[in-house]
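Residues per chain are reported as follows:
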Amino acid sequence: MISDGPDKPPRRGASALPPGVRFLPGHLDAVVQAELIAAIREIVRQAPLFSPEMPRTGKPLSVRMTNCGPLGWVTDKVQGYRYQPQHPVTGKAWPPIPPPLLDLWRDLAPIAPPPEACLVNLYGPEAHMGLHQDKDESTFDAPVLSVSLGDEALFRVGGTMRGGPTTSFRLRSGDVLLLEAESRLAYHGVDRIYPGTSTLLRQPGRINLTLRRVTPS
Ligand code: SIN
Ligand code: FE2
């Protein structure tokens, strides 16, 4: 749902989104969602979930994560935010990006070069993600393409300046969202999860997949 402020009724639609945010509610049907969950189970077998840490403080983020693709996004106390070709714990290469996600990228970002990283974020019922920009890539030409699976999340997105106005709405299982053009560096985050709003996963929680191009083509 989209709400323009505490006293405005929430809406689900695209009209109040910041420019450059492309929201495709219900873009992935139940069959594709189930295929993606099966693919993610296999990815997690090969590249186990790890607990990311904030740079410098070492405070753990509330999500657990893994990656697929030639590069994966990782963070820890000592080295901070970065992309690397190996899993930080096993030292092995990340598994490949599943074909349905590559197809989705080609459909929705036909002129962008192929994605190099697919971050898999697992949100438990209490997890959230603070407002941030995705800016660890060395190119911002391609969009960030995000897929929601499982329980609903309250997503917040604003402009490119910290502290500016934001819009909040729910992301549901099967929704796809792109941050592109003037919103590529928009601040965004997840304020909360609504446990029990989807039966896709075996346990309460949410999976977010984020596809990104990391290097210039
Ligand atoms: C992220 O910004 O990395 C995740 C966004 C989301 O979970 O929808
Ligand atoms: Fe992000």
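Residues numbered from 1 in each chain as written. Chains lettered and ligands numbered in written order. Predicted model: local features only at pLDDT ≥ 70, side-chain atom pairs only at ≥ 80, totals over all residues. Heavy atoms only, no water.

## A few points about the UniProt feature "domain: Fe2OG dioxygenase" (unreviewed entry) in the chain
The UniProt record marks residues 114-215 with the feature "domain: Fe2OG dioxygenase" (unreviewed entry), using the residue numbering of this structure. In residues 114-215, the share of helix is 0% and the share of strand is 48%. The end C-alpha atoms are 10 Å apart. (UniProt positions renumbered as here; feature names shortened; annotations may be inferred. Helix = DSSP H or I, 4+ residues; strand = E, 2+ residues; numbered from the N terminus.)

## Here we look at the nonpolar core
Within the largest apolar cluster, 29 residues are counted, with the highest numbers of intra-cluster contacts made by Tyr123, Phe155, Val157, Phe169, Leu177 and Val190. Those elements that provide at least two residues to this core are β1 (21-24), β3 (72-74), β5 (117-123), β8 (152-158), β9 (166-171), β10 (176-179) and β11 (188-194). Once residues within four sequence positions are removed from consideration, Phe155 is found in contact with Thr167, Ser168, Phe169, Leu171, Leu177, His188, Gly189 and Val190. By size, the runner-up hydrophobic cluster in this structure holds 26 residues, among which are Ile43, Trp105, Ala109 and Val120. (Core = buried A, V, L, I, M, F, W, Y, C linked by side-chain atoms within 4.5 Å. Buried < 20%, exposed > 50% of the residue type's maximum accessible area, 1.4 Å probe, protein only. Contact = heavy atoms within 4.5 Å.)

## Side note on the sheet that holds β10
Taken together, the six strands give an open sheet; going across it, the order is β1-β10-β7-β12-β5-β2, and neighbouring strands pair in antiparallel fashion. One side of each edge strand has no neighbouring strand; the edge strands of this open sheet are β1 and β2 (64-68). Each neighbouring strand pair of the sheet contributes to a mean axis angle of 20°, computed without reference to strand direction. Bridge analysis of β2 against β5 gives five bridges, and the strand direction is antiparallel. Counterpart to Asn67 in the pairing with β5 is Leu119. Together, β2, β5, β7 (144-150) and β12 (206-212) form the strand contacts of helix α1 (residues 30-46), whose direction differs from that of β7 by roughly 100°. Sitting on the sheet, helix α2 (residues 99-108) is in contact with β1, β5, β7, β10 and β12, with an inclination near 130° to β7. (Pairing = 2+ DSSP bridges. Axes fitted to C-alpha atoms, helices over the stretch in contact; angles between N-to-C directions.)

## Side note on the site of ligand 1
If you check the shell around ligand 1, you find Asn121, Tyr123, Met129, His132, Phe155, Leu171, His188, Val190, Arg206, Asn208 and Arg212 and nothing else. One of the side-chain nitrogen or oxygen atoms of Asn208 is found 3.3 Å away from an oxygen atom of ligand 1. Alone, ligand 1 offers 260 Å² of accessible surface; in the complex the protein occludes 96% of this. For the shell around ligand 1, the element with the most residues is β12, which contributes three residues. Of the residues assigned to the shell around ligand 1, the class counts are five nonpolar, four polar and two charged. (Near = heavy atom within 4 Å. Polar contact = N/O pair within 3.5 Å; in protein donor to acceptor, adjacent residues only side chain to side chain. Areas by Shrake-Rupley, 256 points an atom, 1.4 Å probe, with all protein chains shown as cover. Nonpolar A, V, L, I, M, F, W, Y, C, P; charged D, E, K, R; others polar.)

## Notes on the coordination of the iron ion (ligand 2)
Distances from the iron ion (ligand 2) to its protein donors, namely His132 (NE2), Asp134 (OD) and His188 (NE2), fall within the range 2.1 to 2.2 Å. Coordination at the iron ion (ligand 2) is irregular, judged from the four donor atoms that bind it and the angles of 88 to 178° they form at the metal. Residue classification places His188 among the buried residues on the basis of a relative accessible area of 8%. (Donors = N, O, S within 2.8 Å, 3.2 Å for Na, K, Ca; no water. Tetrahedral: all angles 85-135°; square planar, octahedral: opposite > 155°, others 65-115°.)

## Side note on the UniProt feature "binding site: substrate" (unreviewed entry) in the chain
Sequence positions flagged by UniProt for "binding site: substrate" (unreviewed entry) are, in local numbering, Trp73, Tyr81, Arg82, Tyr83, Asp136 and Arg162. Taking the farthest pair of C-alpha atoms as the criterion, the annotated set spanning 90 residues is dispersed, since that pair is 23.4 Å apart. You can see Tyr83 is positioned in strand β4 (residues 82-84). Within the structure, Tyr83 has its side chain in polar contact with the side chain of Glu137 (distance 2.4 Å).

## Details of the sheet that holds β9
Read from one edge of the open sheet, four strands run β6-β11-β8-β9, paired in antiparallel fashion. Strand pairing shows two members of the sheet lacking a second neighbour, β6 (129-132) and β9, which therefore form its edges. Shown here is a sheet whose adjacent strand axes are inclined to one another by a mean of 20°, direction ignored.

## Some words on the pairing of β7
Of all seven residues in β7, seven are buried; the element is thus mostly enclosed. In terms of strand pairing, β7 meets β10 through four bridges, oriented antiparallel. Each bridged residue has a counterpart across the sheet, and for Ser146 the counterpart in β10 is Leu177. Judged from the six bridges that link them, β7 and β12 form a sheet pairing that is antiparallel. Following the sheet pairing, Leu145 is matched in β12 by Leu211.

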